[in-house]
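# Geometric and topological summary
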Amino acid sequence: AAAPFACDRSIRYFAGLARFVLKSLAAGQFHPTLHTTADGRQLAGWRLLVGSSEQLAQLEVYAAAMQRACVGVIETEGGAQPEPAEVVESFLMMTVDAICRREVADDPFFRQPGEKAASGPAPAEVRWLAALLGKSPVVPGSVDDNRLLGEQVGAWVGKLDESRHGGAWRLCLTLHEPDVVDEKVVSPWSLSLSLQNGDDESEMIEAGDLFAGPDAGLLGRNILHRRGQLVTALSQAAVFCPPLERLADHPAPAELEIETVEAHLFIRQWAAALLANDVRVFLPDWATRSDAGLGLLLSVRPRGGADEPGGEGEGAAGVRGGGGFDIGTGRFGLHSLMDFDWQVAMGDLRLDVEAFRALAEAAVPLVRHGGRWVHLDLDAAKSALAFLERQQPGEMTLGEALRTAFGAAPVDAGLPILGVTGTGWVERFLDHAAAMQLDDFPQPAGFGGTLRPYQLRGLHWMRFLDRLGIGGCLADDMGLGKTIMLIALLLHEREEASGETVGPTLLFAPTSVVGNWLREVRRFAPSLRVGVHHGPDRLTDDAFIESAGQHDLLITSYALAHRDAETLGRVRWHRVCLDEAQKIKNPAAAATIAIRSLPAARRIALTGTPIENHLSELWSIMEMLNPGLLGTAGEFRERFAIPVEKLGDQQRVAQLRNLIRPFVLRRTKTDPQVAGDLPDKMEMKVYCNLTAEQAVAYERITGEMLGRIDAAAGIRRRGLILAALTRLKQVCDHPALLEDLDTSDPPPVEDLVGRSGKVDRLLEMLEEALEEGDAALIFTQYRRMGHLLERILAKRLGVGVQFLHGGTPAKQRDVMIERFQAPGSPVRIFLLSLRAGGLGLNLTAANHVFHFDRWWNPAVEAQATDRAYRIGQTRTVQVHKFICAGTVEERIDKLLTDKLALADRIVSAGDEWLTNLSTEELRQYLTLGREAVGD
């Protein structure tokens, strides 16, 4: 047998490298290059693309294992032998180039560039391809001829080179705090440098380690490349962070010491610019916290150690004068005197004047206080000190403190006043949660039901304000039980009085809900003595005074507020309460003025919509509760209404929200503490087409009215616009509303059906709902439409239908409500006019609500919906809002969400606003769209 083939170890060594080359070529790890030699020639060649650290480590092993025989007699310039790594790289380069050229040498396709270059002048890229695929690596032409090609190839290979060296690495800067011993700084601030792998952010190299690494070998060459990346990135970053220029000539830039001022600028300015230019920045946790900036806080304390509310006596609470009253109860209330001084707020830090002066006098933008670093605006600090030097501790009323802290009373402080803090009962008053837990008492023993937890907290809150002599607005969503919370308050204060006499409460309510109040009081608090002041036989003069003293609760209507003002004003009321308090939204109305003038120690407003359209409505309610808190009507308009409503001033929004927050308790059905007690509500829009008859009438009215409106001005123009809107809304409901019908001899139902797209759609939806055993409420703002629907629905659906409107007598209203709410009632459909049935009623027997025509006021519609969607409802409520497509109804519907924004920003719209539109704007809203009429 032949002897096995034997070769020298140097041959086996290069065979191993050759296998590495072949494996890399098979994996596609190669690329073409173009480089210029020292004598000016341009050479094309093929190179390996070695990218992974594992491959680099493998080649390092080869270089370390190279024997002297592998180097042979090779010499570099100067007579020295090459380094093993240089031999490895030379072998790889020559082998790859030779293999690639050999593989394409006999392929006719790859000979084409060479033939084209030899036949005559050829583009630079063709000459490059010819040199890559032929025997000679020389690219014909001068360097100038191939300059653009060289730049393009260089840029492309450069990107591959980034990959070869482990991806795109980027500079990172980390800010380090000084060392502090006993609150004394003992070392400087510093910035440390590092590189982060853009493809794998978990891979980072500290600059110190980078410059401590090897300078030779394949790994060393890789490190040298990364050093170059760091130096290049550092020079670019210095444009955005000037202190980095101090490292420009440093042989091993790894860390930079900086001054405190520079650290402040780095956090506040330079870091953002660096981040925007692909430099990673790492800051201490405190430096990235949200910082509210420098501001002032008013700190108040009850005088004489009055830390707990009490004072059940009336004090001066009932003294009349100037159209208002003093709501203080001696030591407590908005008129109670407070000791005050100022604090400086820096983010969440609170500093007294002396502590702040010490920091400000240091005159550095980053200061150490309370074991932490804080930013200090030096200019703002100077202004703050100047203001504080002018102030002397003194006294002011709590109301003045609130007005000062929240912008209702301007103060030239030079800095924003961020709010007010207090101690004792003032602190609890300013904190809703603390106030509602102050008097942790159970529900009254005589209450005929069970208060839910959020209702009990509402009772605690109202009682707390009562004891302070401060008026409060319970602004919970409709249906959350404001009525029973007030009833529980009346019971609690009488049980707490232990037999002592508690004066009567006067309750103003809309006429439509007076009967509902009577039923609710008798149901939940049968021990309360309740009476009604209403109707032609109501008492007057001394008889009224005597009768009032014999009642715990006397209910009257807003309609009598002005008419019976003198009679009502002769009683010293324990409390005046307003249900649906938005009824006094017009501060200049006679009824509003009369209610504000009534003498009472306590005042409560109940409303789900403290703001419907304008901030002046909120002012009117708050002026009744706490006179003077928001200033005069003119001052309020200048300070809040105009900036918020006209200019969208968010700072004023925040100030007003904070100012009224202690006086308003607002919970919605979506609040976590409330939502679990209520079923879901689904709202949907139902788009209806006009019939041909409706479309013709709509276009005729639009054409006639726009011409008349354009020729009119002032009040007449406004009147014409409102008339046009009314007629268009009516024709969208049913064209019969435009006709002069004889009510004593109405047309048969057959003549009414088929003429209105809305009516047809309503019939279809009601048929489906009734088949499922459901009941429905239907709201319309037109009485004639209600009568038409009453006849149509009863005839076509064969179920009980009833219609409640403004002309329905009170006794009949109560009968209708009880009939509808009764289990198994034959009345499945309850029609209601929006004004008469939109508030104060509990109609939870229904789980469908239809808004047949839109009021164009989201708050009013929500109130109507809440007749069914309220406490006691056990099913999902479906709300259907009817809209005629392509008409003014659809266009206005798109704006309804904007009408909600004002109320939601402050505590959480009828047609008149349309009268201010130009004729062209009106035309856009009123013109009939092509989609209005169905097929």
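Right above here is the structure, for reference.
In short, a report on the structure. (Residues numbered from 1 in each chain as written. Predicted model: local features only at pLDDT ≥ 70, side-chain atom pairs only at ≥ 80, totals over all residues. Heavy atoms only, no water.)

## Things to note about the pattern of salt bridges
Inspection of every chain in the model, using the stated rule, returns 27 salt bridges. The partner of E693 in a salt bridge is R755, and the shortest N-O contact between them spans 2.9 Å. Here E693 is found in helix α27 (residues 692-710), whereas its partner R755 is found in the loop between α28 (714-733) and α29 (757-771), with 62 residues between them in sequence. Here E693 falls in the partly exposed class, since its relative accessible area comes to 35%. Classification of R755 by relative accessible area gives buried; the value is 16%. Overlapping salt bridges bring together K681, E683, K685, R854, E861, K881 and D893 as one network. (Salt bridge = Lys/Arg side-chain N within 4 Å of Asp/Glu carboxyl O. Helix = DSSP H or I, 4+ residues; strand = E, 2+ residues; numbered from the N terminus. Buried < 20%, exposed > 50% of the residue type's maximum accessible area, 1.4 Å probe, protein only.)

## As for the side chain of R867
If you trace the backbone, R867 turns up in the loop between α33 (858-865) and β31 (877-884). In terms of polar contacts, R867 uses its side chain to reach the backbone carbonyl oxygen of L841, at 2.6 Å. Among the polar contacts made by the side chain of R867, one reaches the main-chain carbonyl oxygen of Q863 at a distance of 3.0 Å. (Polar contact = N/O pair within 3.5 Å; in protein donor to acceptor, adjacent residues only side chain to side chain.)

## Regarding the nonpolar core
Ranked by internal contacts, the top residues of the largest apolar core, which has 113 residues, are M346, F356, L402, F429, F508, W517 and W573. By residue number, the principal contributor to this core is helix α17 (residues 482-496), which donates eight residues. (Core = buried A, V, L, I, M, F, W, Y, C linked by side-chain atoms within 4.5 Å.)

## Here's the deal with the packing of α27 against helix α36 (residues 919-926)
At their nearest, the axes of α27 and α36 sit 11 Å apart, and the two run at 170° to each other. Between α27 and α36, the angle is such that the two are roughly antiparallel. Contact residues: Y698, T702, L706, I709 and D710 in α27; T919, L922, R923, Y925 and L926 in α36. When grouped by side-chain class, the residues that make up the contact of α27 with α36 number six nonpolar, two polar and two charged. (Axes fitted to C-alpha atoms, helices over the stretch in contact; angles between N-to-C directions. Parallel < 35°, antiparallel > 145°, perpendicular 65-115°, else oblique. Contact = heavy atoms within 4.5 Å. Nonpolar A, V, L, I, M, F, W, Y, C, P; charged D, E, K, R; others polar.)

## Quick look at helix α30 (residues 783-797)
A rise of 1.5 Å per residue sets the reference length of α30, with its 15 residues, at 21 Å; its end C-alpha atoms lie 21 Å apart and thus fit the reference within 8%. In the core, the buried residues of α30 are packed alongside α28, α29, β27 (776-780), β28 (800-804) and β29 (827-833). One or two positions beyond α30, positive phi appears at G798, with a value near 70°. (Expected span 1.5 Å × (residues − 1).)

## Quick notes on the sheet that holds strand β19 (residues 472-474)
Pairing is parallel in the open sheet, where seven strands are placed in the order β21-β22-β20-β23-β24-β19-β25. Unpaired on one side and paired on the other, β21 (530-533) and β25 (664-665) mark the two borders of the sheet. The strands touched by α17 within the sheet are β19, β20 (505-509), β22 (553-557), β23 (573-579) and β24 (600-606), with β23 carrying the most contacts at an inclination of about 170°. (Pairing = 2+ DSSP bridges.)

## Some words on the pairing of strand β3 (residues 169-176)
Counting buried residues in β3 gives seven out of eight residues, a clear majority hidden from the surface. In this sheet, strand β9 (residues 280-282) lies alongside β3 in parallel orientation, the contact comprising three bridges. Bridge pairing in β9 places C172 opposite R280.

## Some words on empty space enclosed by the protein
Volume-wise, the largest cavity comes out at about 30 Å³. What lines the largest cavity is simply W461, M462, L465, D466, I470, G472, R603 and I604. Of all elements in the fold, only α16 (453-468) and β24 reach the threshold of two or more residues within the lining of the largest cavity. It is α16 that provides the largest number of residues to the lining of the largest cavity, a total of four residues. Considered class by class, the residues forming the lining of the largest cavity number five nonpolar, one polar and two charged. (1 Å grid on protein atoms, 1.4 Å probe; cavity = no way out; pocket = protein on both sides within 12 Å on 5 of 7 lines; lining within 4 Å. Points joined across faces, edges and corners; volume = space filled by probe spheres on them.)

Read these as geometric descriptors, not functional statements.
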